[in-house]
Amino acid sequence: MPTGLLITRPRAEAVRLAERLNSLGIRSWVYPTIDITPLTPTAESLCWAAQAELWIFVSANAVHAGWTFLAPLHTATLRLAAVGLATARRLQEVSGTPVLCPEQGSDSEALLALPLFQRMDHRKIAIIRGRGGREWLRETLEQRGAQVGYIECYVRQVPQSNPETLEEALQAGASISVQSTESLHNLWAMASPAQREVLATRPFIVSHPRIATALRALGLPHPVVLSPGDDALIAHYQQKGHSHG
């Protein structure tokens, strides 16, 4: 039985989760496979944000990195939306205003299933995100008649994580927590050939079916797919009775 969890999310988030797990007697290892570096949005993109009537934040990282620049442009008539409940909560905390988000689902597809987004009729929308990433959200909004601009406020990079941490976790039989396909691909690239062989035998815990598809493409075992957020992950471990090895 797995005896702990390898956490691959960005370091600050990983440390917060590790502290919660450790306090519950669940062993954890912090091994970031993605790094979030703040980026100053361009003046052109901030000008677009000032004209937009709706801002969509794609992640909690977008809230953390972008709100400093966007707060001075926030008005009472502007609507805020978020992809996922965790992002919505953080956005509501910093903005002090209601945030539109889907009650079920935590991706762009769930957000755009809401009635507001069915016909956009030339409405101006700003998407706050990191540099690069999926184009589906923008493309779908434009197909429905919206005018869309990006405010890119962070970049994702491969960090310099301690390879001994990965080795120790694998030797201890840890499960692997992965929050994005990019984190997964980085983990695979950072692992040695021998470590990849071990990874192919370890249980993965992921936050979206898209990551499960990426795992299968690498020939890795089918993962446990949980709702995003730490609470679901911790509840899963407590139910399984995972503890210190």
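Predicted model only: the values in this text are computed from it and were never measured.

A. Representation of the sheet that holds strand β6 (residues 124-129). Within the open sheet, the four strands sit side by side as β5-β4-β6-β7. Their pairing is parallel. Each edge of the open sheet carries a strand with a single partner, namely β5 (79-82) and β7 (147-152). Taking the axes of each pair of neighbouring strands and ignoring which way they run, one obtains an average angle of 25 degrees across the sheet. In terms of strand pairing, strand β4 (residues 54-57) meets β6 through four bridges, oriented parallel. Bridging from a neighbouring strand, Phe 57 pairs with Ile 128 of β6.

B. Looking closely at helix α1 (residues 11-23). The terminal C-alpha atoms of α1 lie 18 Å apart, and with 13 residues this matches the ideal 18 Å at 1.5 Å per residue to within 8%. Restricting attention to buried positions, one finds in α1 the residues Glu 13, Ala 14, Leu 17, Ala 18 and Leu 21. Summarising the axial view, the buried residues of α1 lie within an arc of 130 degrees, below the 170-degree limit, and thus occupy one face. The exposed set on the far side of α1, more than 90 degrees from its buried face, consists of Ala 12, Glu 19 and Ser 23. Just downstream of α1, Gly 25 is the residue with a positive phi angle, here 80 degrees.

C. Molecular detail of the environment of Phe 69. Within the fold, Phe 69 resides in helix α3 (residues 60-70). Each C-alpha atom, one on Phe 69 and one on Ile 151, is 9.9 Å from the other, the two residues being 82 residues apart in sequence. Those residues in contact with Phe 69 that sit more than four places away from it in its chain are Leu 39, Thr 40, Pro 41 and Leu 46.

D. Expanded view of the pattern of salt bridges. What the rule picks out here adds up to eleven salt bridges. Put simply, Glu 135 and Arg 129 hold a salt bridge, and the shortest N to O gap is 3.5 Å. Residue Arg 129 is classed as buried on the basis of its relative accessible area, which comes to 7%.

E. Broad picture of the sheet that holds strand β2 (residues 28-30). The five strands lie next to each other as β2-β1-β9-β10-β11, forming an open sheet whose pairing is parallel. A single partner strand is all that each edge strand has here, and the edge strands are β2 and β11 (224-225). In this structure, strand β1 (residues 5-7) lies alongside strand β9 (residues 175-178), joined through three bridges in parallel fashion. Looking at the pairing, Ile 7 lines up with Ser 177 of β9. Across the sheet, α1 touches β1 and β2, and the angle it forms with β2 is around 165 degrees.

F. Looking closely at the packing of aromatic side chains. Counted by the stated rule, this structure contains two aromatic pairs. Summarising the aromatic geometry, the rings of Trp 55 and Trp 67 are spaced 6.2 Å apart at their centres and angled 75 degrees between planes, so their arrangement reads as edge-to-face. Of the two residues, Trp 55 is situated in strand β4 and Trp 67 in helix α3; the sequence distance between them amounts to twelve residues. A relative accessible area of 0% places Trp 55 in the buried class. Trp 67 sits in the buried class, given a relative accessible area of 11%. Aromatic side chains Phe 57 and Trp 67 sit 6.2 Å apart centroid to centroid with 45 degrees between the ring planes, which places their arrangement in the tilted category.

How each quantity is defined
- Residues numbered from 1 in each chain as written.
- Predicted model: local features only at pLDDT ≥ 70, side-chain atom pairs only at ≥ 80, totals over all residues.
- Heavy atoms only, no water.
- Pairing = 2+ DSSP bridges.
- Helix = DSSP H or I, 4+ residues; strand = E, 2+ residues; numbered from the N terminus.
- Axes fitted to C-alpha atoms, helices over the stretch in contact; angles between N-to-C directions.
- Expected span 1.5 Å × (residues − 1).
- Buried < 20%, exposed > 50% of the residue type's maximum accessible area, 1.4 Å probe, protein only.
- Arc of directions from axis to C-beta.
- Contact = heavy atoms within 4.5 Å.
- Salt bridge = Lys/Arg side-chain N within 4 Å of Asp/Glu carboxyl O.
- Phe/Tyr/Trp six-rings, centres within 6.5 Å; stacked < 30°, edge-to-face > 60°.

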